[in-house]
Amino acid sequence: MSASPQTPAAEAPAEAPAKVPAKKSSFRFPFWAQIVTGLVLGVLLGWVSRSQDISWLGTTLEQIGDIFVQLLKLAVAPLVFFAILVSITNLRKVNNAARLASRTLLWFMITSLIAVAIGLGIGLLTNPGSGTGLTPQDGKLPKRHGSWLDFLTGIVPKDIITPFTELNVLQIVFLAAVAGIAALQLGSKAQPVLTVAESVLELLQKALWWVIRLAPLGTVGLIGTAIATYGWDLLGKYATFTADVYIGCALVMFGVYPLLLATVAKVSPLQFFKGAWPAIQLAFVSRSSVGTMPVTQKVTERLGVPKEYASFAVPFGATTKMDGCAAIYPALAAIFIAQIFDVQLGIGDYLLIAFVSVVGSAATAGLTGATVMLTLTLSTLGLPLEGVGLLMAIDPILDMMRTATNVAGQALVPVIVAAREGILDKVAYGTASSSPLDDPAPADPATDGDADADTDAGTGTGSERVLVSA
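Heads up: these notes are all about the structure in this document. Given the structure is predicted, the values throughout are model-derived calculations rather than measurements.

**Some details on the overall build of the protein chain**
Secondary structure assignment for the protein chain yields 21 helices and zero strands. Within the protein chain, the proportion of its 470 residues that are buried is 54%. Considering only contacts in the protein chain between residues 6 or more positions apart, those separated by 24 or more positions represent 84%. In the structure as shown, the protein chain presents an accessible area of about 20400 Å², 65% of it carried by carbon and sulfur atoms.

**A closer look at helix 14 (residues 307–320)**
The end-to-end C-alpha distance of helix 14 is 20 Å, a good match for the 20 Å that 14 residues give at a rise of 1.5 Å each. Taking burial as the measure, the 14 residues of helix 14 include 11 buried ones, the bulk of the element. All buried positions along helix 14 are accounted for by Tyr309, Ala310, Ser311, Phe312, Ala313, Val314, Pro315, Gly317, Ala318, Thr319 and Thr320. Buried residues belonging to helix 14 abut helix 3 (55–90), helix 4 (97–126), helix 7 (169–186), helix 13 (289–302) and helix 19 (395–420).

**With respect to the packing of helix 12 (residues 269–286) against helix 13**
Running from N to C, helix 12 and helix 13 cross one another at 170 degrees; their axes reach a closest spacing of 8 Å. Here helix 12 is positioned roughly antiparallel relative to helix 13, judged by the angle of their axes. Across from Lys274, Gly275, Ala276, Pro278, Ala279, Leu282, Ala283 and Ser286 in helix 12, the residues of helix 13 making contact are Thr292, Val295, Thr296, Val299 and Arg302. Classifying every residue of the contact of helix 12 with helix 13 gives seven nonpolar, four polar and two charged.

**Topic: the packing of helix 4 against helix 11 (residues 239–265)**
Between helix 4 and helix 11, the shortest axis-to-axis distance is 10 Å and the interhelical angle comes to 140 degrees. Relative to helix 11, the element helix 4 lies oblique. Once helix 4 is placed against helix 11, the crossing between them reads as right-handed. Counted together, Trp107, Thr111, Ile114, Ala115, Ile118, Ile122 and Thr126 of helix 4 and Thr240, Asp244, Ile247, Gly248, Leu251, Val252, Val256, Leu260 and Val264 of helix 11 form the full contact between these two elements. In the contact of helix 4 with helix 11, the residues fall into 11 nonpolar, four polar and one charged.

**What to know about the packing of aromatic side chains**
All chains considered together, the criterion is met by nine aromatic pairs. Relative to Tyr329, the ring of Phe241 has its centre 6.2 Å away and its plane inclined at 65 degrees; by these criteria the two rings are edge-to-face. Linking Phe241 in helix 11 with Tyr329 in helix 15 (residues 324–340), this pair joins segments that are 88 residues apart in sequence. Across the pair, exposure class does not vary: Phe241 and Tyr329 are buried alike. The rings of Tyr238, Phe241, Tyr329 and Phe336 are connected pair by pair, giving a single aromatic cluster. Over the ring of Tyr329 we find Arg402, and its NZ or CZ is 4.1 Å from the ring centre.

**Comments concerning the side chain of Thr89**
In this fold, Thr89 is placed in helix 3. Of the polar contacts made by the side chain of Thr89, one reaches the backbone oxygen of Val86; its length is 2.8 Å. Apart from the residues lying within four places of it in its own chain, the contact partners of Thr89 are Gly180, Ala183, Leu184 and Leu194.

**A short note on the side chain of Ser87**
With respect to the helices and strands, the residue Ser87 is situated in helix 3. Taking relative accessible area as the criterion, Ser87 reaches 1% and is therefore assigned buried. Among the polar contacts made by the side chain of Ser87, one reaches the main-chain carbonyl oxygen of Ile84 at a distance of 2.8 Å.

**Some points on the nonpolar core**
Core analysis: the largest hydrophobic core is formed by 76 residues, its most contacted members being Phe241, Phe272, Phe336, Leu391 and Val415. Leaving out residues up to four positions away in the same chain, Phe336 has contacts with Pro128, Gly129, Thr132, Leu134, Tyr238, Phe241, Leu390 and Leu391. Of all hydrophobic cores here, the second largest spans 43 residues; its members include Val80, Val173, Ala279 and Val299.

**Topic: unusual backbone geometry**
At Asp53, a position not held by glycine, the phi torsion is positive, near 55 degrees. For Asp53, the location among the structural elements is in the loop between helix 2 (31–51) and helix 3. Assessed through its relative accessible area of 66%, Asp53 is described here as exposed.

**Notes on the environment of Phe174**
Secondary-structure assignment places Phe174 in helix 7. The partly exposed category is assigned to Phe174, whose relative accessible area is 29%. Note: C-alpha distance between Phe174 and Leu85 (89 residues apart in sequence) is 9.9 Å. If near-sequence neighbours (up to four positions away) are discounted, Phe174 is found in contact with Ile155, Val156 and Pro157.

**Quick notes on the pattern of salt bridges**
If you walk through the whole model with that rule in mind, you get seven salt bridges. The shortest N-O distance in the salt bridge between Arg103 and Glu421 comes to 3.3 Å. Here Arg103 is found in helix 4, whereas its partner Glu421 is found in the loop between helix 19 and helix 20 (426–431), with 318 residues between them in sequence. Among the ionic pairs, Asp399 bridges to Arg402, the shortest N-O distance being 2.7 Å. With Asp399 and Arg402 both in helix 19 and three residues apart, the pair spans about one turn of that helix. Across the pair, Arg402 and Asp399 agree in class, each one buried. Linked by salt bridges that have partners in common, Arg287, Asp395, Asp399 and Arg402 make up one network.

Conventions used here
- Starting from 1, residues in each chain are numbered consecutively following that chain's sequence as written.
- Local features in this predicted model are restricted to residues of pLDDT 70 or higher, and side-chain atom pairs are both shown and tallied only at a pLDDT of 80 or more, whereas totals for entire chains, interfaces and linings draw on every residue.
- Excluding hydrogens and water, the side-chain values take into account all heavy atoms of the structure.
- Secondary structure elements follow DSSP: runs of H or I of four or more residues count as helices, runs of E of two or more count as strands, with numbering from the N terminus.
- Throughout this description, buried means an accessible area under 20% of the type-specific maximum (1.4 Å probe, protein chains only), exposed means over 50%, and partly exposed covers the range between.
- Contact definition: two residues touch when any of their heavy atoms are within 4.5 Å.
- Exposure was quantified through the Shrake-Rupley algorithm and a 1.4 Å probe, taking into account, for residues, occlusion by the shown protein chains and nothing else.
- To estimate the expected span of a helix, count its residues, drop one, and scale the result by 1.5 Å.
- Angles shown run from 0 to 180 degrees and are taken between the N-to-C directions of axes, each axis being a line fitted to C-alpha atoms and, for helices, limited to the stretch in contact.
- Orientation categories follow fixed angle ranges, with anything under 35 degrees roughly parallel, anything over 145 roughly antiparallel, 65 to 115 roughly perpendicular, and all other angles oblique.
- Classes in brief: Ala, Val, Leu, Ile, Met, Phe, Trp, Tyr, Cys and Pro nonpolar; Asp, Glu, Lys and Arg charged; the others, Gly included, polar.
- The hand of a helix crossing depends on one turn: near helix anticlockwise from the far one by less than a right angle means left-handed, and clockwise means right-handed.
- Stacked, tilted and edge-to-face are the three classes applied to pairs of Phe, Tyr and Trp rings, where Trp contributes its six-membered ring and a pair requires centres within 6.5 Å; stacked means planes under 30 degrees apart, edge-to-face means over 60, and tilted covers the rest.
- We count a charge as sitting over a ring when the NZ of a lysine or the CZ of an arginine lies within 6 Å of the ring centre and within 35 degrees of the ring normal.
- Two N or O atoms count as a polar contact when they lie within 3.5 Å, although within protein this holds only if one can serve as hydrogen donor and the other as acceptor, and sequence-adjacent residues are included solely when both atoms are side-chain atoms.
- Nonpolar core, defined: a set of buried Ala, Val, Leu, Ile, Met, Phe, Trp, Tyr and Cys residues in which side-chain atoms within 4.5 Å join the residues together.
- Here a salt bridge means any side-chain nitrogen of Lys or Arg lying within 4 Å of a carboxyl oxygen belonging to Asp or Glu.

Given below as structure tokens:
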């Protein structure tokens, strides 16, 4: 009896240190709670700044929000380039790569059409521009605008540097696609370049993750600035439009997406939202699809989508798949602005809105705001671009829900395609948890997926780098 207990007692000290991080994490403030706290604190500080006319507080909130957005933007250009480049070359590791790519694009279009139809339907039912008290004189021309000529001629850059300095995401995607296809054609000769590209991509994801950890603080600044600048009075004028955007996005995210998961992919919708929740909540706060991209890719892999396919579908979706910003929002905004300017829209106009939403979404940069996409829609319909100015004040509040819908769709389509093609890991999907991701950048590509699955299943494998309470 005395010898038997001694062995575990002797081993206990060696095992204890390995369990210390798990104990310590239980006392840490969960990331979702940090986000909620940031939202509440931002609203409170914004209200105090406006009601008490405290200018320095309003300035501080604005600077905090601006710095957070600038940090996100700082990583966007190189992140998009290397993510698209690596994702295209990773397709060589996937069977039926062309089929997967075409199916992905097809489902992007299908879900966008559904989203824009819902947006149009809600707009026609509620008439968001009626009774607002707003007039055409309240609008102003936007600083940035899009047109079909700009869209078509702007795909090919004039030089290599300008797309990165001016953050023209569409041109960056073009350059990355050309480089990726060229690398595929070169084969083994391009391997040294691809090795460097993969290393740079992991470095960027690591640096971006540090920025993501600042999201609660950025939330305080962004929400606080919106409240301090515009106050609650503004919400009254835009109450119907704001409710329409949130209801439309909610119907798509919690109605259409679960229906597609249950009927097309034949998987549990609840399990999808459990696994994708870290990316959805970060998108809501950061208002940046591209900034959320590393987390979106990680949760997609955690839901059982093969890494090689996810590394193509998610970056592609982060720059082109915008159900919130490029489908629901432009449809509602076009109806809203048409009513303010007393312009009658017909069936042909609604079909044009649907066409622009599906084809023109590549013009949406995946950053905060959807001005380019909206102006592209308005110019196609012949509506006054001054109407964009009517919506700029309320844009930060709308952009949170729009971006959350974007990112949910960017994770949804790879799951659907993988399930229909028979390459979805059903075990990983069934065990995916809602735990926050500690580090979206993989430390070991060869074992990364296994580490995720083991950790999600509760075995603890890889817990130090994959899943902890943020």
